[in-house]
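Chain by chain, the residues:
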Amino acid sequence: MPLVGKRDPDAFEVFYDRHAGVAYSLAYRIVGSRPAAEEVVQEAFLSIWRSGARFDPAKGSVRAWTLGIVRNRGIDALRRDSSSKAPKLSWDDDAILEASPAPERTEEEALRRSEAAEVRGALRELPEEQAKVIQLAFFGGFSHSEIADMVGEPLGTVKGRMRLGMEKIRARLAEGFA
Amino acid sequence: MDERQHEQLRDDISAWIIGALEPAEAAALEEHMRTCDSCARQARWLQPATGALLESVDPIEPPPALRERVMSEVRADAARRQPAESRSRRSFWDFLARPATAMAAVAILVAGVGFLVFGDGGDDGTKSFTGEAPLISATLEREGDTGTLELTGLRELGGDRVYQAWVQHDDMVEDSSLFVPRSDGTATAAIPRDDLHGGDAVLVTIEPHGGSTQPTTDPLVSVDID
């Protein structure tokens with residue numbers, strides 16, 4: 001990462017190869033189309049390059065930081081495009097199932113994919129109403145009050161569902177998916 | 001704030017961590033968490049769950065054309081930056097290799113020895129240096145990565161030239177601030193935020209009005225950065 005910060009193109013290429021797969025998948029999940037996802041990923045990676053990669057290790061991993069930038073860009077793109085539909089609401093939506101998986105280039109990548117699958121399993125275990133409000137907020141960029149209008153429930157109910165769902169995900173992480 | 005209110009805030013923390021609060025609500029919660037250990041702890045505990053959400057999507061192979069577009073832009077940008085950085089970060093050792101510069105460096109070194117022998121200042125968080133004749137003295141007062149350079153003995157330059165401060169990093173120099181002396185030959189130059197970070201010394205040269213992207217004259221003074 002220090003070399004990326006010094007704008008070393010070769011180091012940036014390695015950085016791109018390491019994170020572009022999940023970044024693209026996340027962008028696609030948010031914006032719902034391949035061309036728009038490409039635009040989001042391109043914007044996100046070029047902003048990282050141009051900013052000199054102001055990454056603060058104290059605030060988490062490089063991967064989480066990168067994906068956070070991709071998510072923000074994706075939500076911005078959704079908001080820019082007023083004709084965008086709300087994201088699909090099932091964790092098993094067709095686009096994800098039909099997507100061709102990235103090759104498992106390294107053991108580390110294989111392990112990460114295995115962990116990601118575990119996380120998806122934990123998410124599937126959430127009651128649908130909890131998963132739905134979390135997805136609308138996290139991948140759709142909607143506020144709790146917008147979600148309350150969409151699902152026709154009181155604001156307090158929506159916030160309560162978000163809390164229950166997030167605490168369950170966190171608790172599963174603490175268990176190590178045992 | 002009582003326990004019941006904290007319990008309500010726990011709902012807000014979950015909403016905040018997935019970006020679902022309105023901006024004003026988010027700002028109020030963030031302000032509260034600055035002074036509330038209990039809520040800040042809850043937010044820290046939940047944070048890994050957002051990482052799990054980010055990672056929860058199956059990797060989809062991005063198109064090779066996307067990689068080509070990104071890397072092509074990156075390499076073009078790097079190529080555009082290179083000439084500019086070469087101008088502003090020219091090799092300090094190349095600079096010293098010029099005969100006139102080498103002479104000036106010797107003069108500075110001699111003056112520096114005199115400074116050390118006579119033990120003039122430098123024990124109060126400042127670094128001082130005495131430069132060329134007629135005697136120019138410079139004192140760098142450092143605060144973190146910023147600093148203030150105080151100089152005396154400077155001559156007036158007229159309207160077409162200015163003094164320019166530079167920060168030396170290993171064998172490179174980076175431009176810092178421009179300044180002109182007062183009528184009594186004193187001057188104060190601010191070394192902006194972060195300029196001193198990782199630097200070895202602050203140098204001063206005379207440059208054309210508007211400053212230069214690389215030194216065009218020999219350094220008048222050099223003050224070590226601790």
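Residues numbered from 1 in each chain as written. Chains lettered and ligands numbered in written order. Predicted model: local features only at pLDDT ≥ 70, side-chain atom pairs only at ≥ 80, totals over all residues. Heavy atoms only, no water.

Residue and element names in this part refer to chain A. On inspection of all chains with the given rule, the structure shows 7 aromatic pairs over all chains. With a centroid separation of 5.5 Å and an interplanar angle of 45 degrees, the aromatic rings of F12 and F15 are classed as tilted. One end of the pair, F12, and the other, F15, are both in helix α2 (residues 9-31), 3 residues apart, so they sit about a helical turn from each other. Overall, the relative accessible area of 0% leaves F12 in the buried class. (Phe/Tyr/Trp six-rings, centres within 6.5 Å; stacked < 30°, edge-to-face > 60°. Helix = DSSP H or I, 4+ residues; strand = E, 2+ residues; numbered from the N terminus. Buried < 20%, exposed > 50% of the residue type's maximum accessible area, 1.4 Å probe, protein only.)

Turning to the sheet that holds strand β4 (residues 161-169) of chain B, a few remarks are in order. Residues and elements named next belong to chain B. Pairing in this open sheet of 4 strands is antiparallel, and the strands run β5-β4-β7-β8 from one edge to the other. In the strand order of this sheet, the two ends are held by β5 (172-179) and β8 (221-224), each with one partner. Neighbour-to-neighbour, the strand axes of this sheet turn through a mean angle of 30 degrees, independent of strand direction. (Pairing = 2+ DSSP bridges. Axes fitted to C-alpha atoms, helices over the stretch in contact; angles between N-to-C directions.)

Attention now moves to the pattern of salt bridges. Tallied over the full model, the rule gives 13 salt bridges over all chains. For D10 of chain A, the salt bridge identified is with R75 of chain B, shortest N-O distance 3.3 Å. With one member in each of two chains, D10 of chain A in helix α2 and R75 of chain B in helix α4 (residues 64-88) form a pair that bridges those chains. Two residues, E125 of chain A and R172 of chain A, come together in a salt bridge whose shortest N-O distance is 2.6 Å. Of the two residues, E125 of chain A sits in the loop between α6 (107-124) and α7 (128-138) while R172 of chain A sits in helix α9 (residues 155-175), which places them 47 residues apart along the sequence. (Salt bridge = Lys/Arg side-chain N within 4 Å of Asp/Glu carboxyl O.)

So, on to the interface of chain A and chain B. Note: interface size is frequently given as the accessible area lost on complex formation between the parts. Contacts between chain A and chain B engage 61 residues on the former and 42 residues on the latter. With both chains or domains summed, chain A and chain B bury close to 4900 Å², and 62% of this area falls on carbon and sulfur atoms. It is R163, M166 and R170 of chain A in chain A that bury the most area against chain B; as a group they hold 14% of the surface buried on that side. Our count for the contact surface shared by chain A and chain B stands at 8 salt bridges. Between chain A and chain B we count 19 residue pairs in polar contact (both at pLDDT 80 or more) in total. (Contact = heavy atoms within 4.5 Å. Buried area = accessible area lost by both parts, 1.4 Å probe. Polar contact = N/O pair within 3.5 Å; in protein donor to acceptor, adjacent residues only side chain to side chain.)

Right, let's talk about the confidence of the model for chain A for a bit. In low-pLDDT segments, the atomic positions of the prediction should not be examined closely. Residue and element names in this part refer to chain A. Per-residue confidence for chain A gives a mean pLDDT of 75; residues scoring 70 or more make up 70%. Taken element by element, chain A is modelled with least confidence in helix α5 (residues 94-98), mean pLDDT 31, and with most confidence in helix α3 (residues 34-50), mean pLDDT 91. Ignoring residues within four places in sequence, the model shows residues 84-106, a span with pLDDT below 50, making 48 contacts including any to other chains. (pLDDT = per-residue confidence, 0-100.)

Here the focus is α2 of chain A. Spanning 23 residues, α2 of chain A covers only 28 Å between terminal C-alpha atoms, well under the ideal 33 Å at 1.5 Å per step. The sharpest bend along α2 of chain A reaches about 50 degrees and sits at H19 of chain A. (Expected span 1.5 Å × (residues − 1). Bend = angle between axes of the 7 residues up to and from the residue.)

Let us look at the pairing of strand β6 (residues 187-191) of chain B. Residues and elements named next belong to chain B. Burial along β6 is one-sided: the residues A187, A189 and I191 are buried and none of T188 and A190 is. Sheet analysis places strand β3 (residues 146-152) next to β6, joined by 5 bridges and oriented antiparallel. Looking at the pairing, G147 lines up with I191 of β6.

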